[in-house]
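A structural walkthrough
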Amino acid sequence: MLKRELSRRDIQAGLAKMGLGVAAMSMLPSAAKAAPPKLTVYEWAGYDVPDLHQSYIKKYGGSPDFPLFASEEEALQKIVSGFKVDLAHPCSYNVKRWREAKILEPIDTSRIPNYVDIWPKFKEIPQTQADGKTWFVPFDCGNSSILYRTDLVAPEDVKDPSWSLLFNEKYKGRLAMYNTDTTLIEIAARVLGMKNFNSLSDEELEKVKPLLKKQREVLRFYWDDATQIEQALASGELVAAYAWNGSVKVLKDQGVPVEYMVPKEGILTWVCGLVRVTGGQGDEQAGYDFIDSMLSPESGVFQISTGYGHSNRKSYEMTDPKVLAALGFDNPEEKFARADVSDEADEPYRSKYIALVNDIKAGVN
């Protein structure tokens, strides 16, 4: 449910598998020489690569401007403070906060031809539609779960797959968790058998607190960059870590014996996408063309090659079935029909969660 960074290493690996390289990315029709229209897209590092918006390049002769952000909270605060962009790339669980901050413009999906091919489930997530308008166009998706070394974790500890592995004192100093906030609360609550993850009472948070303190003591680190856990799992420094789909592919491609868990308490699913930002100074039609380009099935084939899912169902028809099977997308119709897209806690719960997690990480509690 959390935003991951698609590393440039993953991008280049995907290009290599497709027989492409930097030179191929920059090839444009000889007639496309005019400067592209002004358009600023606020992005995660790695999503600014040309292979994710080739039809836009073919139409306009170049890419938009891509200022990059490290977290959605950073992006939100900068936009609220007056940073001018036309489009941005948050995840669904943050769209409500962004909309309530009055920084989003509604989206006319009739101006996005590829929108009709988005998985139906993604069009139904609450954050996509509000007040009879569309505010968010799903683009990429994936899971968050536990990636573990099958040769270093005892079989009995994963026989009954559970998020509790990331709290297991047996592996003290060899576990890692993503450096996030509210998701730590949700995972601990799931382990404790709680269901109302986004509205935990003060009494329930008091029960979550000791488990988070225990986790802090058994972790080797909270990670910020997926390459941290990939390298640590490959070397054996870690035996298990919270991870995204892309890391599974990276390590399996290296021959590292790993498995991606489906915990009995539930695997986390996230969907991220594009929004129009209020006050943008770029070309409106170019903005719609960029969104449509990112939604194209060709963009989806490239996205899938890096280890993550794409919202356009036609992308899966165009992707090598062996690649789909390796990534767990061999039956995409069923997978995306059952997807349980995670939501975000509203206030005052969100602030309480963040305060508690910050205190835990700082050793205050």
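Thresholds applied
- Residues numbered from 1 in each chain as written.
- Predicted model: local features only at pLDDT ≥ 70, side-chain atom pairs only at ≥ 80, totals over all residues.
- Heavy atoms only, no water.
- Helix = DSSP H or I, 4+ residues; strand = E, 2+ residues; numbered from the N terminus.
- Rg over C-alpha atoms; globule rule 2.2 N^0.38 Å.
- Buried < 20%, exposed > 50% of the residue type's maximum accessible area, 1.4 Å probe, protein only.
- Contact = heavy atoms within 4.5 Å.
- Areas by Shrake-Rupley, 256 points an atom, 1.4 Å probe, with all protein chains shown as cover.
- Lys, Arg positive; Asp, Glu negative; His and termini not counted.
- Charge placed at Lys NZ, Arg CZ, Asp CG, Glu CD.
- Axes fitted to C-alpha atoms, helices over the stretch in contact; angles between N-to-C directions.
- Parallel < 35°, antiparallel > 145°, perpendicular 65-115°, else oblique.
- Nonpolar A, V, L, I, M, F, W, Y, C, P; charged D, E, K, R; others polar.
- pLDDT = per-residue confidence, 0-100.
- Salt bridge = Lys/Arg side-chain N within 4 Å of Asp/Glu carboxyl O.
- Disulfide = S-S within 2.5 Å.
- Core = buried A, V, L, I, M, F, W, Y, C linked by side-chain atoms within 4.5 Å.
- Polar contact = N/O pair within 3.5 Å; in protein donor to acceptor, adjacent residues only side chain to side chain.
- Pairing = 2+ DSSP bridges.
- Phe/Tyr/Trp six-rings, centres within 6.5 Å; stacked < 30°, edge-to-face > 60°.

1. Remarks on the overall build of the chain
Tallying secondary structure elements over the chain gives 16 helices and 13 strands in all. Relative to the globule expectation of 21 Å for 365 residues, the C-alpha radius of gyration of the chain, 21 Å, shows essentially globular dimensions. In terms of its C-alpha atoms, the chain occupies a principal-axis envelope of roughly 65 × 45 × 35 Å. Considering the chain as a whole, with its 365 residues, one finds that 56% of them fall into the buried category. Taking the intrachain contacts of the chain between residues at least 6 apart in sequence as the baseline, contacts between residues at least 24 apart amount to 73%. Roughly 15,300 Å² of accessible area belongs to the chain as shown, and the carbon and sulfur atoms make up 50% of that amount. Of the charged side chains in the chain, 44 are positive and 52 negative; the average position of the first set lies 1 Å away from that of the second.

2. Examining the packing of helix α7 (residues 182-191) against helix α16 (residues 349-362)
With their axes 8 Å apart at the nearest point, α7 and α16 run at an angle of 90° to one another. Looking at the two axes, α7 sits roughly perpendicular to α16. Side by side, α7 and α16 meet where Thr-182, Leu-184 and Ile-185 of the first sit next to Arg-350, Tyr-353, Ile-354, Leu-356, Val-357 and Lys-361 of the second. Split by residue class, the contact of α7 with α16 holds six nonpolar, one polar and two charged.

3. Comments concerning the confidence of the model for the chain
Here the chain averages 88 in pLDDT, while 90% of its residues score no lower than 70. In the model, residues 1-32 has pLDDT below 50 throughout and makes 78 contacts with residues more than four positions away in sequence or in other chains.

4. Section: the pattern of salt bridges
Applying the stated criterion to the full structure yields 19 salt bridges. Linking Arg-216 and Glu-217 is a salt bridge whose minimum nitrogen-to-oxygen distance equals 2.9 Å. Salt bridges sharing common partners tie together Glu-73, Arg-97 and Arg-350.

5. Looking at the state of the cysteines
Under the criterion given, the structure shown has one disulfide. Disulfide partner of Cys-91: Cys-272, at an S-S distance of 1.9 Å. On the sign convention where negative means left-handed, the S-S torsion of about 65° between Cys-91 and Cys-272 marks this disulfide as right-handed. Linking Cys-91 in the loop between β3 (87-88) and α5 (92-100) with Cys-272 in strand β12 (residues 268-277), this pair joins segments that are 181 residues apart in sequence. Each member of the pair, Cys-91 as well as Cys-272, is classed as buried. Cysteine Cys-141 remains unbridged, with the sulfur of Cys-272 as its closest cysteine sulfur at 8.9 Å.

6. Concerning the nonpolar core
Side chains that are nonpolar tend, in soluble globular proteins, to be buried together. Ranked by internal contacts, the top residues of the largest apolar core, which has 60 residues, are Leu-165, Leu-166, Ile-185, Leu-212, Trp-223 and Tyr-242. Residues within four places of Leu-212 in sequence aside, it is in contact with Leu-184, Ile-185, Ala-188, Leu-356, Val-357 and Ile-360.

7. Topic: helix α11 (residues 284-294)
Burial of α11 is extensive: nine of the eleven residues sit out of reach of the surface. Along α11, the positions that sit buried rather than exposed are Ala-286, Gly-287, Tyr-288, Asp-289, Phe-290, Ile-291, Asp-292, Ser-293 and Met-294. Taking the backbone nitrogen of Gln-285 as reference, a side-chain oxygen 3.1 Å away marks Asp-283 as the first, capping residue of α11.

8. Observations regarding the environment of Glu-105
Inspection of the secondary structure assignment puts Glu-105 in strand β4 (residues 104-105). With 61 residues separating them in the primary sequence, Glu-105 and Leu-166 have C-alpha atoms 40 Å apart. Non-local contacts of Glu-105, meaning those with residues more than four positions away in its chain, are made with Trp-135, Arg-276, Val-277 and Thr-278.

9. What to know about the environment of Val-275
By secondary structure assignment, the location of Val-275 is in strand β12. Each C-alpha atom of the pair Val-275 and Thr-134 lies 9.4 Å from the other, and the pair is 141 residues apart in sequence. Ignoring any residue separated from it by four or fewer positions in sequence, one finds Val-275 in contact with Asp-86, Leu-87, Ala-88, Pro-90, Trp-98, Leu-104, Ile-107, Trp-135 and Phe-136.

10. Thoughts on the pairing of β12
Counting buried positions along β12 gives ten out of ten residues, so the element sits mostly inside the fold. Both β3 and β12 contribute to a ladder of two bridges, which runs antiparallel. Bridge pairing in β12 places Ala-88 opposite Val-275. Of the pairings in the sheet, the one linking β4 to β12 comprises two bridges and is antiparallel in character. Each residue of the ladder has a partner; that of Leu-104, found in β12, is Val-277. Of the pairings in the sheet, the one linking strand β7 (residues 137-149) to β12 comprises seven bridges and is antiparallel in character. Pairing of Pro-138 across the sheet is with Gly-273, part of β12.

11. A closer look at the packing of aromatic side chains
Tallied over the entire structure, the rule returns 15 aromatic pairs. Between Tyr-42 and Phe-83, the aromatic rings sit 5.1 Å apart at their centres with planes inclined by 65°, giving edge-to-face as the arrangement. With a gap of 41 residues between them, Tyr-42 in strand β1 (residues 41-44) and Phe-83 in the loop between α4 (72-80) and β3 connect regions that are remote in the sequence. For Tyr-42, a relative accessible area of 1% gives the class buried. Judged by its relative accessible area of 29%, Phe-83 falls in the partly exposed class. Ring geometry for Tyr-178 and Tyr-242: centres 6.1 Å apart, planes at 10°, overall stacked.

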